[in-house]
Amino acid sequence: ASEEAAPFFVAARGCPCAARIFVFLCFLTVTVFLSTLTPKFYFALTVTSSFISGLIFVFEWWHFRKYGTSFIEQVSVSHLRPLIGGVENSSPAPAAFSVGENETNRQNMPECKVWRNPLNLFRGAEYSRYTWVTGKEPLTYYDMNLSAQDHQNFFTCDTDALRPSDTVMQKAWRERNPQARIKAAYQALELNNDCATAYVLLAEEEATTIVDAEKYFKQALKAGEMIYRKSQNCHSQSPQHEAQLRRDTNVLVYVKRRLAMCARKLGRIREAVKMMRDLMKEFPLLSMLNIHENLLEALLELQAYADVQAVLAKYDDISLPKSAAICYTAALLKARAVSERFSPETASKRGLSTAEINAVEAIHRAVEFNPHVPKYLLEMKSLVLPPEHILKRGDSEAVAYAFFHLQHWKRIEGALNLLHCTWEGTFHEVSVYPQKELPFFIHFTAGLCSFSAMLALLTHQFPELMVIFAKAVSIGSHFYFTNVSHVFVF
């Protein structure tokens, strides 16, 4: 090897391509080393490669079946891409909003995949009960991390440094430990007894009952309205004041919405409906926050179906983002008109009436939007606590919808029977949306494992031939790099 490499060492002196020649020499040394190896080494190498790639393939398959994503892709996106300067192109859920935005811009906004659950539960008063009973966490780390990002977008702004209490709360929203967040909220209240965001955090995480949460939110409302009026008076003075007004508007809307949800959970449904309607009138540009879905659920509980239809007429529009709540509520109203007298046997004999056709088409439309919902409404799959964020048209949205709306379907006689007949006959085997495709790395690791196993088998059966093949590959690579090096040198 040294005799063959000597001319290149001489030619490399003072050559601008010396680094490339050095790489060639290293490769030459490796090829000479590989050509002296025995068949046993090649057999052990291929078997080890096949075994390791097989383990990676099994783990990738298990991770995909359990979590729906590739582990290698997830690690690459989460950890490696930031290190090499990559930027994620996924758009976050619409957490914050601008007071000056118009409805046209909102309608032209591309539909996001991950949204904040409009009816998400209270962590301290509801999610924590599950933890106390089972010892398990009801929320995933990914879900809680998205909520932390929402809180920072909603409740912080560039002017927080001007108010010590807001500075403390800015750090509180980034804390991972719930007790650290609660402690920071009390510190903010010591600095400023009218810190609305501190009351919000305590209502969400420290209050163990809905009654306690409502008390904290009422304190947050009092403080939030006072700060909001101050921001309104000076929001046009500078961009910083405009950002502060947006933040104070976010706080006020969030508090009023959660107070309405407290009233709904405590049985004061008419009061909750009034609060939601007033909120939608006061801030008409907030359709992206889906407050109308809270209103739909409360109206269904009141069995005010005419009011439900009026809300659907306004928001079930092609220019607005769809949801399972809108599609399945529209189907429920259509089914209500015919479900009590509907019979599959009778319908198959005489055919469907116009009202029945409308109901079936509404169910078709709803199932096409989210095919996961029927299994939860028909109780073919067990319900779990809904997450704080949902994937549109996904299983998480189906869980969130069925968790709150199953009772409304059961209340209308025959509605679930009509849903079952329509879904079973038309969509049970046909509808596969959204279909999950196997990630690239599952195909790659499966191919690598199979290829390595084939090489190991051939090396075991034909050791001499495989050694000759390996040497031929090494010699071919050697001649290729020799020619390339001559081009670099001369």
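Small disclaimer: the values here were computed from a predicted structure and weren't measured. (Residues numbered from 1 in each chain as written. Predicted model: local features only at pLDDT ≥ 70, side-chain atom pairs only at ≥ 80, totals over all residues. Heavy atoms only, no water.)

Novice: Provide a residue-level description of helix H10 (residues 196–206), including the pertinent values.
Specialist: Here H10 lies mainly inside the structure; 10 of its 11 residues are buried. Burial in H10 covers these residues: Ala196, Thr197, Ala198, Tyr199, Val200, Leu201, Leu202, Ala203, Glu204 and Glu205. Buried residues in H10 make contact with helix H6 (123–134), helix H7 (141–155), helix H8 (164–172), helix H9 (178–191), helix H11 (210–234) and helix H12 (239–265). (Buried < 20%, exposed > 50% of the residue type's maximum accessible area, 1.4 Å probe, protein only. Helix = DSSP H or I, 4+ residues; strand = E, 2+ residues; numbered from the N terminus. Contact = heavy atoms within 4.5 Å.)

Novice: Give me the lowdown on the packing of helix H15 (residues 305–315) against helix H16 (residues 324–336), citing residues and values where you can.
Specialist: Where H15 meets H16, the closest approach of the two axes is 11 Å, and the angle between their N-to-C directions is 135 degrees. By the criterion of interaxial angle, the relationship of H15 to H16 is oblique. For the crossing formed where H15 meets H16, the hand is left-handed. Of the residues in H16, those touching H15 at Tyr305, Val308, Gln309, Leu312 and Tyr315 are Ile326, Thr329, Ala330, Leu333 and Arg336. Classifying every residue of the contact of H15 with H16 by side-chain character gives 7 nonpolar, 2 polar and 1 charged. (Axes fitted to C-alpha atoms, helices over the stretch in contact; angles between N-to-C directions. Parallel < 35°, antiparallel > 145°, perpendicular 65-115°, else oblique. Left-handed = near helix turned anticlockwise from the far one by under 90°. Nonpolar A, V, L, I, M, F, W, Y, C, P; charged D, E, K, R; others polar.)

Novice: Now, about the pattern of salt bridges: what can you tell me, with residues and values included?
Specialist: Tallied over the entire structure, the rule returns 18 salt bridges. Between glutamate 205 and arginine 123 there is a salt bridge, with its nearest N and O atoms 3.9 Å apart. Separated by 82 residues along the polypeptide, glutamate 205 in helix H10 and arginine 123 in helix H6 bring together distant segments of the chain. Taken as a pair, glutamate 205 and arginine 123 share a single burial class, namely buried. The salt bridge involving glutamate 204 is made with arginine 258; its shortest N-O contact spans 2.8 Å. In this pair, glutamate 204 sits in helix H10 while arginine 258 sits in helix H12, placing the two residues 54 residues apart along the sequence. As far as the burial class goes, glutamate 204 and arginine 258 line up, both buried. Beyond isolated ion pairs, a larger network of salt bridges with shared partners links Arg123, Arg181, Glu205 and Glu388. (Salt bridge = Lys/Arg side-chain N within 4 Å of Asp/Glu carboxyl O.)

Novice: How would you summarise a nonpolar patch on the surface if you had to cite specific residues and measurements?
Specialist: A cluster of nonpolar side chains, namely Phe451, Met454, Leu458, Phe462, Leu465 and Ile468, defines an oily patch on the protein surface of about 590 Å² accessible area. Those elements giving two or more residues to the nonpolar patch turn out to be helix H22 (440–461) and helix H23 (463–489). Looking at which element gives the most residues to the nonpolar patch, the answer is H22, with 3 residues. Checked against the element boundaries, phenylalanine 451 lands in helix H22. (Patch = residues over 30% accessible without salt bridge, like charges linked within 9 Å, V, L, I, M, F, W, Y side chains within 5 Å. Areas by Shrake-Rupley, 256 points an atom, 1.4 Å probe, with all protein chains shown as cover.)

Novice: Tell me about the UniProt feature "transmembrane region" (unreviewed entry) in the protein chain, residues and numbers included.
Specialist: According to UniProt, the feature "transmembrane region" (unreviewed entry) maps to residues 17–35, 41–62, 440–459 and 465–489 in the numbering used here. Along residues 440–459 the backbone is 100% helical and 0% strand, and the end-to-end C-alpha distance reaches 28 Å. (UniProt positions renumbered as here; feature names shortened; annotations may be inferred.)

Novice: Could you give an account of unusual backbone geometry, with specific residues and numbers?
Specialist: Positive phi outside glycine occurs at glutamine 303, with the angle close to 60 degrees. Within the secondary structure, glutamine 303 sits in the loop between helix H14 (291–301) and H15. Classification of glutamine 303 by relative accessible area gives partly exposed; the value is 45%. Even without being a glycine, glutamate 379 presents a positive backbone phi close to 60 degrees. By relative accessible area, glutamate 379 is classed as exposed at 52%.

Novice: So what about the environment of asparagine 294? Which residues, and what values?
Specialist: With respect to the helices and strands, the residue asparagine 294 is situated in helix H14. It is 6.5 Å that separates the C-alpha atoms of asparagine 294 and leucine 119, two residues lying 175 residues apart in sequence. With sequence-adjacent residues up to four places away left out, asparagine 294 is seen in contact with Pro118, Leu119, Arg257, Met261 and Met276. From its side chain, asparagine 294 meets the backbone oxygen of proline 118 in a polar contact 3.0 Å long. (Polar contact = N/O pair within 3.5 Å; in protein donor to acceptor, adjacent residues only side chain to side chain.)

Novice: Can you break down the side chain of threonine 329 residue by residue, with the values?
Specialist: Take threonine 329: it is sitting in helix H16. Here alanine 325 takes part through its backbone oxygen, which lies 2.5 Å from a polar atom of the side chain of threonine 329. For threonine 329, the residues in contact, after removing those within four places along its chain, are Leu300, Val308, Leu312, Ala324, Tyr401 and His405.

Novice: Requested: an account of the packing of aromatic side chains, with residues and values cited.
Specialist: Working definition: an aromatic ring pair is given by the centre-to-centre distance plus the angle between the planes. One pass over the structure, following the stated rule, counts 9 aromatic pairs. Both rings, one in phenylalanine 59 and one in tryptophan 62, keep their centres 5.8 Å apart while their planes meet at 35 degrees; by these two values the pair is tilted. In this pair, phenylalanine 59 and tryptophan 62 both sit in helix H3 (residues 39–67), 3 residues apart, roughly one turn of the helix. Tryptophan 62 sits in the partly exposed class, given a relative accessible area of 42%. (Phe/Tyr/Trp six-rings, centres within 6.5 Å; stacked < 30°, edge-to-face > 60°.)

Novice: Tell me what's going on with the packing of H9 against H10, and back it up with residues and numbers.
Specialist: At a closest axis distance of 9 Å, the pairing of H9 and H10 adopts a crossing angle of 145 degrees. Like other packed secondary-structure pairs, H9 and H10 cross with a definite hand, here left-handed. Here Pro178, Arg181, Ile182, Ala185, Tyr186, Ala188 and Leu189 of H9 lie close against H10, whose contacting residues are Ala198, Tyr199, Leu201, Leu202, Glu205 and Glu206. Classifying every residue of the contact of H9 with H10 gives 10 nonpolar, no polar and 3 charged.

Novice: Before we move on, could you go through the nonpolar core and cite the residues and values that matter?
Specialist: Counting 95 residues, the largest nonpolar core has Met169, Phe217, Tyr328, Leu377 and Trp409 as the members making the most contacts within it. In contact with tyrosine 328, other than residues within four places in its own chain, are Ala366, Val367, Asn370, Val373, Pro374, Leu377, Tyr401 and Trp409. (Core = buried A, V, L, I, M, F, W, Y, C linked by side-chain atoms within 4.5 Å.)

Novice: Please provide a residue-by-residue account of the environment of glutamate 190, values included.
Specialist: Residue position: glutamate 190 is located in helix H9. Taking relative accessible area as the criterion, glutamate 190 reaches 70% and is therefore assigned exposed. Separated by 25 residues in sequence, glutamate 190 and serine 165 place their C-alpha atoms 8.2 Å apart.

Novice: Tell me what's going on with H22, and back it up with residues and numbers.
Specialist: For H22, which comprises 22 residues, the first-to-last C-alpha distance of 32 Å matches the rise-based estimate of 32 Å (1.5 Å per residue) to within 8%. Taken together, the buried positions of H22 are Ile442, Thr445, Cys449, Ser452, Ala456 and Thr459. An end-on view of H22 places all buried positions within 130 degrees of arc, on one side of the element. Turned more than 90 degrees away from the buried face of H22, the exposed residues are Phe440 and Leu457. (Expected span 1.5 Å × (residues − 1). Arc of directions from axis to C-beta.)

Novice: Report on the confidence of the model for the protein chain, specifying residues and quantitative values.
Specialist: Across the protein chain, the average pLDDT comes to 79, with 76% of residues at or above 70. Low pLDDT (under 50) marks residues 8–12, which in the prediction has 10 contacts with non-local residues, meaning those over four places away or in another chain. Low pLDDT, under 50, characterises residues 86–110; the stretch is placed with 46 contacts to residues that sit more than four places away or in other chains. (pLDDT = per-residue confidence, 0-100.)

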